[in-house]
Amino acid sequence: MSPGTAEFGFELLVCRWAEASWPPEEPREDAVVVARQLGTRERRWDTVVLECDPAGLAARAQFGERELDSDLLHVVRNAPAEWAWYRDALPDPGYPWRYVRAAVHRAADRDVVQTRRRGNRIQIRRVAPYPDWLRRIVAVENKPDLDASAARALAGQLEHDVESALADEVWVATEATGGRVEPALLEDLPVEVGILAVSVAAGERDGPPTDAADRAAAGAADRTAADVEWYPSAVTPDATDAGRERRRLVLAERAYGRGWRSYHETMRPDCRHFELHRQGRALVPYCAAKGRPQTAAECAGSCAEFEPEPPAWRTRGWPIEGGPGKGIKRLLRRRREWIRRRERAGRDSESTHRTD
Ligand code: SF4
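Residues numbered from 1 in each chain as written. Predicted model: local features only at pLDDT ≥ 70, side-chain atom pairs only at ≥ 80, totals over all residues.

*Asks:* Before we go on, may I ask you to explain the overall build of the chain in this structure?
*Replies:* Across its full length, the chain holds eleven helices and eleven strands. Taking all 356 residues of the chain together, the buried fraction comes to 35%. Taking all contacts inside the chain whose residues are at least 6 apart in sequence as the whole, residues at least 24 apart take part in 71%. (Helix = DSSP H or I, 4+ residues; strand = E, 2+ residues; numbered from the N terminus. Buried ≥ 20, exposed ≤ 12 C-beta atoms within 10 Å, placed from the backbone. Contact = placed C-beta atoms within 7 Å.)

Take a look at the structure:
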């Protein structure tokens, strides 16, 4: 199995674990939102965990399930409680007002502000105060095979993460080997970065899917777990960096809007070989043509083995309306919505036993 393949499956399992069990070795107090493959122009993180104020996260839902980009945030966060001309109500953006006007229209189309016309002027009013929902951002780099050379290769990126202080905490997640992490390896990583040893449950390993009997035999104890090998230190932001909070909120909004199951938006669930396999509690993409879990990069329009799902799948005998491709997308969306409702409502003990 290629390293890329192993890393993709591992990444999904880490996301699934974080959604159910973050923070490691502590009881959960915050609501948690998990996303994957997010970051800035300079740096993309494998897994992003947002620790959120539960009431704030519930209030954020009033602005819809989609992310608010930086222009929309400027409008929504500053929209007044009473009607006002948008140029009076919003702070000078530092770029031409015509872009703000376009953002006001987009915001109105999405019902995240109200607008009305008075003569030539567009007035705006907020639908609700934009809540203070984000507490902390945690960045996780996934490296299932963390050996000394992988640690050296990662060190520069992780140093940048610590220096940029966009995340409050930085971790490397690696697959537990049963032994302690080598001291030499710790020397290669910045001391501020935490190390998480993830024990992938037998039923959640890459490879041929487990059958129903295997899964039943695996039972509730068969789940991915993680132990802290090294605790991170909180990174120290540059107090003079005025744009940091804005950049963090833009990142958090992207994480909120995309989650970690959105791989179906870039992969090809409309391919006849695309399957979702339940491995333990996680659903992991599986390519029947390759006979293994595929990476997001290889499961694209350029894949030589891509074959569209036969039209008959959409019309006859398939239990999910629209054929498996559409059914898979709906399934992943429904699961994301269900998790969001649960995070907003507060988790109950029963919900933590649901399968991904
Ligand atoms: S054949 Fe290619 S496009 Fe189809 S599921 Fe496999 S990797 Fe994805």
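*Asks:* What should I look at first to understand unusual backbone geometry in this one?
*Replies:* Residues other than glycine predominantly adopt negative phi, and peptide bonds predominantly adopt the trans conformation. The amide bond that connects Trp22 to the next residue, Pro23, takes the cis arrangement and shows omega of 0°. Within the secondary structure layout, Pro23 lies in the loop between α1 (3–21) and β1 (31–39). With a phi angle near 55°, Gln37 is a residue other than glycine that sits in the positive phi range. With respect to the helices and strands, the residue Gln37 is situated in strand β1.

*Asks:* Quick question: what am I supposed to make of the sheet that holds strand β4 (residues 113–118) here?
*Replies:* Backbone hydrogen bonds hold the strands of a sheet together, and the pairing may be parallel or antiparallel. Across the sheet, which stays open at both edges, the three strands sit in the order β3-β5-β4 with antiparallel pairing between neighbours. Looking along the sheet, the strands with just one partner apiece sit at the ends: β3 (84–85) and β4. The sheet strands contacting helix α5 (residues 97–109) are β4 and β5 (121–126), and the helix crosses β4 at an angle near 120°. (Pairing = 2+ DSSP bridges. Axes fitted to C-alpha atoms, helices over the stretch in contact; angles between N-to-C directions.)

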